[in-house]
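Single-letter residue listing:
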Amino acid sequence: MSITFSPDSRTFYLDGKGVTYAFCINEYGYAEHLYYGSAIGHDDLRAMRMLGATSYRTTPPGRDLNTSSSYGDINSYHHFPSELSFFGTGDFREPALMLTHENGDRLAELLYVGHEILPEKPRITGMPSLRGSETLVVHLGDAVNGFGCDLYYTVYDDCGVIARRAVYRNGTDHTVMLDRAYSFSFSLPRNDYELISLWGTWAKERHVERTPMHHGVFTVDSKRTTSSATLNPFIAVVDPDTTEQAGSAYGVSLIYSSSYALKVEGTSDGQTLVTGGINDLDFRWKLGAGEVFETPEVMLAYSAEGIGGMSRALHDAMRSHLIPPARVHQPRPIVINNWEATYFNFDNDKLKAIAQAVAGTGIDTFVLDDGWFGNRNSDRTGLGDWFVNTEKLEGGLSTIIAYVNSLGMKFGLWFEPEMVSEDSELFRAHPDYAIAAPDRARCYGRHQFMLDLTRAEVRDYIVDAVNKVLHENHIEYVKWDYNRNVTESYSIGRPADQQAEFAHRYALGVYDLCERIVNANPDIFFEGCASGGARFDPAMLAYFPQIWTSDDTDAEERTYIQYGTSMAYPLSAMSCHVSVVPNHQTRRVTPIETRADIAHLGATGYELDTSAFTDEDRARTAAQVEAYKAMEQLVLEGDLWRTEDPHTSNYFGFMIVSKDKTDALLTAYRRMGSVNNEVKHLRVAGLDADKTYRVSGFEGTFRGSTLMQIGLPAKLPKGDFLTATYRFTAVD
Ligand code: DGJ
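Residues numbered from 1 in each chain as written. Predicted model: local features only at pLDDT ≥ 70, side-chain atom pairs only at ≥ 80, totals over all residues. Heavy atoms only, no water.

Colleague: I'd love a proper account of the pairing of strand β16 (residues 260-266), names of residues and values included.
Modeller: Most of β16 is tucked away, with seven of its seven residues classed as buried. For strand β13 (residues 216-221) and β16, the ladder comprises six bridges, and the chain directions are antiparallel. What sits directly across from F218, in β16, is V264. Sheet topology places β16 next to strand β17 (residues 272-278); seven bridges connect them, and they run antiparallel. Paired with K263 across the two strands is T275, which belongs to β17. (Buried < 20%, exposed > 50% of the residue type's maximum accessible area, 1.4 Å probe, protein only. Helix = DSSP H or I, 4+ residues; strand = E, 2+ residues; numbered from the N terminus. Pairing = 2+ DSSP bridges.)

Colleague: Report on the packing of aromatic side chains, specifying residues and quantitative values.
Modeller: Enumeration over the complete set of coordinates arrives at 42 aromatic pairs. Summarising the aromatic geometry, the rings of Y36 and Y250 are spaced 5.1 Å apart at their centres and angled 55° between planes, so their arrangement reads as tilted. Here Y36 is found in strand β4 (residues 31-38), whereas its partner Y250 is found in strand β15 (residues 249-254), with 214 residues between them in sequence. With respect to class, Y36 is no different from Y250; both count as buried. Three or more aromatic residues link up through ring pairs in this structure, and these residues are F5, F12, Y21, F23, Y36, Y153, F184, F186, Y250 and Y302. Across the ring face of F346, the terminal group of K392 is positioned such that the distance to the ring centre comes to 4.6 Å. Taking the ring centre of Y482 as reference, the NZ or CZ of R535 above it sits at 4.1 Å. (Phe/Tyr/Trp six-rings, centres within 6.5 Å; stacked < 30°, edge-to-face > 60°. Lys NZ or Arg CZ within 6 Å of the ring centre and 35° of its normal.)

Colleague: Explain unusual backbone geometry to me, using residue names and the numbers behind them.
Modeller: Omega for the peptide link from V581 to P582 comes to -10°, which places this bond in the cis form. One non-glycine residue, S228, adopts positive backbone phi at about 80°. With respect to the helices and strands, S228 occurs in the loop between β13 and β14 (231-238).

Colleague: Please set out helix α11 (residues 592-599) residue by residue, giving values where relevant.
Modeller: Of all eight residues in α11, seven are buried, a share of seventy percent or more. Those residues of α11 that fall on the buried side of the exposure criterion are I592, T594, R595, A596, D597, I598 and A599.

Colleague: Requested: an account of the packing of helix α10 (residues 555-568) against α11, with residues and values cited.
Modeller: At a minimum axis separation of 10 Å, α10 and α11 run at an interaxial angle of 15°. Taken together, the axes of α10 and α11 lie roughly parallel to each other. Crossing geometry of α10 relative to α11 is assigned as left-handed. Residue-level contacts link A555, R558, T559 and Q562 of α10 to T594, R595 and I598 of α11. For the contact of α10 with α11, a count of residues per class yields two nonpolar, three polar and two charged. (Axes fitted to C-alpha atoms, helices over the stretch in contact; angles between N-to-C directions. Parallel < 35°, antiparallel > 145°, perpendicular 65-115°, else oblique. Left-handed = near helix turned anticlockwise from the far one by under 90°. Contact = heavy atoms within 4.5 Å. Nonpolar A, V, L, I, M, F, W, Y, C, P; charged D, E, K, R; others polar.)

Colleague: Any chance you could break down the site of the ligand for me, citing the residues and the numbers?
Modeller: Among the 13 residues in the neighbourhood of the ligand, the closest are listed as D369, D370, K479, D481 and D551. Within the side chain of D369, a nitrogen or oxygen atom sits 2.7 Å from an oxygen atom of the ligand. In the model, a nitrogen atom of the ligand is placed 2.6 Å from a nitrogen or oxygen of the D481 side chain. (Near = heavy atom within 4 Å. Polar contact = N/O pair within 3.5 Å; in protein donor to acceptor, adjacent residues only side chain to side chain.)

Colleague: Explain the side chain of R671 residue by residue, including any values.
Modeller: Assignment of secondary structure puts R671 in the loop between β33 (663-670) and β34 (681-682). Non-local contacts of R671, meaning those with residues more than four positions away in its chain, are made with E556, Y560, P646, S649, N650, D720 and F721.

Colleague: Go over the nonpolar core, please, and point to the residues and values.
Modeller: Ranked by size, the top nonpolar core spans 191 residues in total, and within it Y168, L178, F366, L368, W372, W386 and F411 carry the most contacts. It is helix α8 (residues 502-518) that contributes the most residues to this core, nine residues altogether. Setting aside its immediate chain neighbours within four residues, F366 contacts I336, N338, L351, I354, A355, V404, M409, K410, F411 and G412. By size, the runner-up hydrophobic cluster in this structure holds 22 residues, among which are A668, L682, A685 and L722. (Core = buried A, V, L, I, M, F, W, Y, C linked by side-chain atoms within 4.5 Å.)

Colleague: If you had to explain the sheet that holds strand β35 (residues 692-695) to someone new, which residues and values would you point to?
Modeller: Across the sheet, six strands lie side by side as β31-β32-β33-β38-β35-β36; this open sheet has antiparallel pairing. Here the strands that pair on one side only, and so sit at the sheet edges, are β31 (639-644) and β36 (701-703). In this sheet, neighbouring strand axes are inclined to one another by 25° on average, regardless of whether the strands run parallel or antiparallel. Bridge count for strand β32 (residues 651-657) against β33 is seven bridges, and the pairing is antiparallel. Bridge pairing in β33 links G653 to A668. Of the strands in this sheet, β32, β33 and β38 (722-730) touch α11, which is tilted by about 50° from β38.

Colleague: A description of the state of the cysteines should follow, citing residues and the corresponding values.
Modeller: In protein chemistry, a disulfide is the covalent bond that joins the sulfur atoms of two cysteines. Considering all chains together, one arrives at zero disulfides under this definition. The cysteine C149 is free of any disulfide, with C24 supplying the nearest cysteine sulfur at 17 Å. The thiol of C529 is unpaired, and the distance to the nearest cysteine sulfur, on C576, comes to 13 Å. Residue C529 is classed as buried on the basis of its relative accessible area of 6%. (Disulfide = S-S within 2.5 Å.)

Colleague: Could you give an account of the pattern of salt bridges, with specific residues and numbers?
Modeller: Using the criterion set out here, one finds 45 salt bridges in the structure. For K121, the salt bridge identified is with E297, shortest N-O distance 2.6 Å. Of this pair, K121 sits in the loop between β6 (111-118) and β7 (135-141) while E297 sits in the loop between β19 (292-294) and β20 (298-303), placing them 176 residues apart in sequence. Judged by relative accessible area, K121 falls into the buried class, the value being 10%. E297 sits in the buried class, given a relative accessible area of 2%. (Salt bridge = Lys/Arg side-chain N within 4 Å of Asp/Glu carboxyl O.)

Colleague: How would you sum up helix α1 (residues 306-321)? Please name residues and give values.
Modeller: The first and last C-alpha atoms of α1 sit 23 Å apart over 16 residues, in line with the 22 Å expected at 1.5 Å per residue. Counting buried positions along α1 yields 15 of 16 residues, so the element is predominantly enclosed. (Expected span 1.5 Å × (residues − 1).)

Colleague: Explain the sheet that holds strand β27 (residues 525-528) residue by residue, including any values.
Modeller: Two strands in a sheet stick together by hydrogen bonds in their backbones, pointing the same way (parallel) or opposite ways (antiparallel). The strand order β21-β22-β23-β26-β27-β28-β29-β30 describes a closed barrel built from eight strands, whose pairing is parallel. Put simply, the sheet's adjacent strands are angled 30° from each other on average, direction ignored. Relative to strand β26 (residues 477-480), α8 is tilted by about 165°, and along the sheet it contacts β26 and β27.

Colleague: Tell me about the environment of T667, and please be specific about residues and values.
Modeller: The topology assignment puts T667 in strand β33. Residue T667 is classed as buried on the basis of its relative accessible area, which comes to 1%. Linking T667 and H474, residues 193 residues apart in sequence, is a C-alpha distance of 37 Å.

Colleague: Describe the domain arrangement of the protein, and please don't skip the residues or the numbers.
Modeller: Split into domains, the protein comes out as domain 1 (2-321), domain 2 (332-637) and domain 3 (644-730). Computed from C-alpha coordinates alone, the two centres of domain 2 and domain 3 are separated by 34 Å. Domain 2 puts 21 residues into the contact, and the matching count from domain 3 is 22 residues. In this assembly, domain 2 packs against domain 3 so that about 1800 Å² is buried in total across both faces, 71% of it on carbon and sulfur atoms. Contact with domain 3 buries surface across domain 2, with Y560, Y563 and L634 losing the most and accounting together for 35% of the total. (Domains from an automatic or database assignment. Buried area = accessible area lost by both parts, 1.4 Å probe.)

Here it is, written out as structure tokens:
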């Protein structure tokens, strides 16, 4: 890993694991992108620059250069591959920055002022980011007025990821309105790539969509004041012939939990500009003289080993540098959660029966989900009243906790800290705590309102109320839920010209809560959740080592959801439960073995009414948990190879391979059985070609090369929705 500056060519070379990223300060002082891809030498790359098609090319301000020659000097901001695109001075692409000065000037011309290489990576104030060390900071400034921008770059020797962000500095003598303040831009040298995004909705999160890019701007975004289930803050730019296992793939993953935009612009001069950050749709930030605005960080991942290689780079970056280090490598709680077993209808006896039935099976944590507090007997009431409902739970939380602990299990509890019900003591006492705009009625979402996290006193209430429960009870696990999106974004008490700061301030409010509740309770394991996976983003992973992936627990549907989620997130981040059939969401019936095999491809758990478990059910559950324990290290630390794609075939396949390639597991799933003639070799990937392996279920030993070339003949019995698992153990 290194950051090098070559003074002669004024070029920065960032060398990470397998990647080089290079840009120069060109003859106009412009930060010009030169190269991003597989590792290369430090040659003078300026000789490789190429001018594409031109249309009404303009010079940099004040320089009447020759702009008529189509092969002349590259001398237009519009045509320079960009490290930060800005508006109004000859660049007609998507700007990363738009601003309004006091006098109405909306232009920017941000040129090189200097740079420094810091030994330690600075943290972003109030926002999560990757950990790291050596960091390049390039200072750009507008000579006309002193407005500045610092570009931050960090590279890593253990993953092919570069962390980038921008910090905007108001060095003028007046207040500036930031109308758009994106985190980054970079350019790619062609405009015929394909784009992969993760779309979804409730119970259908992160489905993969691949589409050719086009001239113009392709956007993935959220306008929901959260990262959302509808489009994940991730996009991949790949060559048209890139596959799972081969070809160039660039991944862009934003560490942010509010409205965002990621844009890929195919320009008519033959380039691609990638840019993005906080969504400027409803954003205007008042930046006083001397103030700075820090933008969220983006992870840029590159791999020449296809889409799978890009995913593995992101997985490594998140596991090594983002997810809480004390948690990420540790075996996870294996939970029994009562939600699908009881919904709101439970009492001590019912909960005890559910917990007692699985004691001794290896399930080690009982999680009491929604409905334990206030007058919460349905989803219409009680949110915000974080005190126990003693009608349901006689003796308070301590009774059920003591019982669960007496079984040798830990106790976990559900909260939805950001919300309030209209029918709640909190709302009756502080109706103003709920987000509302003057003279307008509020939208309801799941019958509830949202608390205004942009206000310190509201956050203080939440922190005190939640921490009180956590401190007064022996709670070792928390599920943090979030079940609607912001509407009427408006904050009482904030001046009119700062109301459009709401969406970003909401994110800062969420992170503040996480610091003061999650990080302040280091002995408690926290899991994120948002009606399933509607806030499954890297920033949340900085607090929650795992997130509930989807409310859809049907094994068939989960193959798509977990496949798509794995594009950008490690398996250990995905919370997955074995549930009952017919499945509560789809009514589909799948075998219990299949449900377990698919749930075991993440942080596994159980969510069904175990109170009626037979001895056979208990024994089967114990065997499943034991099998999970035997593969857990692979789930936590292994490299993922997606071997079969459910979007395009009758199969789903995940192969997880230990870093030293001595141990691997293939989980294969076939959707529909057929009566006759199934000829299928399951793909095998990621092994060491030169090692020899034993494969469970097969006689003899095989070279890695043999296994990866031929695959394994599928040995699935007749039937639909069936799985098979194969363990690979290196013998030399
Ligand atoms: C939505 C979550 O995704 C579910 O798992 C459950 O916790 C419910 N909320 C409870 O209201």
